[in-house]
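Summary of the model geometry
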Amino acid sequence: MTRSELNTYMRMLAAKRAELAKGLRNRGVIAIEKTPDAIDEGQFAGERELAIINLNRESALLRDIDDALSRLADGSYGTCLHCDQQIKPKRLEAVPWAKYCVQCQETADRQELAESIEYVEQLRA
Ligand SMILES: [Zn+2]
């Protein structure tokens, strides 16, 4: 990968990181806010739950971005963490924080789905 390509991905990652961090800072406050007397307790709990789910998802993404930035720093950026193949530029342009090539990502997603289904079935049992 050329230096200018690396710079492009670094800029994309930095921009996404700044956007996410800003959103997380603003929403973090809402998520932990005390219930105002006027608002229905149940509704508030639902909203807070949703806010927490979003926070979790966004902080996971933030972690992926940070990981990608450290791979940029140590020179391993753009290589699939699973099979060591180069991740296609098209994929990196769409998802600059991608850890895996498309094939390995699909396997990982299927694995995650299988684990989720297993978890739900355990809950039902
Ligand atoms: Zn791979």
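Let me sum up the structure you'll find in this document. Residue positions are counted from 1 within each chain, in the order its sequence is given. Totals for whole chains, interfaces and linings use every residue, but because this is a predicted model, local features are given only for residues with pLDDT of at least 70 and side-chain atom pairs only at 80 or more, for both listing and counting.

1. Things to note about the overall build of the chain
Put simply, the rule is: Every helix listed is a DSSP run of H or I at least four residues long, and every strand listed is a run of E at least two residues long, numbered separately from the N terminus. Here exposure depends only on C-beta density: within 10 Å of a residue's C-beta, 20 or more other C-beta atoms make it buried, 12 or fewer make it exposed, and intermediate numbers make it partly exposed, the C-beta atoms being placed from the backbone.
The secondary structure content of the chain amounts to four helices and zero strands. Starting at the N terminus and ending at the C terminus, the chain contains elements arranged as α-α-α-α. Buried positions account for 10% of the 125 residues belonging to the chain.

2. Thoughts on the nonpolar core
Stated precisely, the cut-off is as follows: Take the buried Ala, Val, Leu, Ile, Met, Phe, Trp, Tyr and Cys residues, join any whose C-beta atoms are within 7 Å, and the set you get is a nonpolar core. Residue ranges assigned to each domain were obtained from an automatic or database domain assignment. Contacts here follow a simple rule: the backbone-placed C-beta atoms of the two residues must lie within 7 Å.
Judged by nonpolar contacts, Y9, L13, I65, A68, Y77, I87, L92, W97, A98, Y100 and C101 together constitute the single largest core of 11 residues. At the level of elements, α1 (3–32) and α2 (41–74) are the ones that each hand at least two residues to this core. Both domains that meet at this core, namely domain 1 (1–77) and domain 2 (80–125), each give it at least three residues. If sequence neighbours within four positions are ignored, L92 has contacts with Y9, G78, I87 and A98.

3. Focus on unusual backbone geometry
When glycine is set aside, most residues are seen to have a negative phi, and most peptide bonds are trans. Of note, the phi angle at D84 is positive, near 65°, even though the residue is not glycine. Position of D84 relative to the elements: it lies in the loop between α2 and α3 (89–94).

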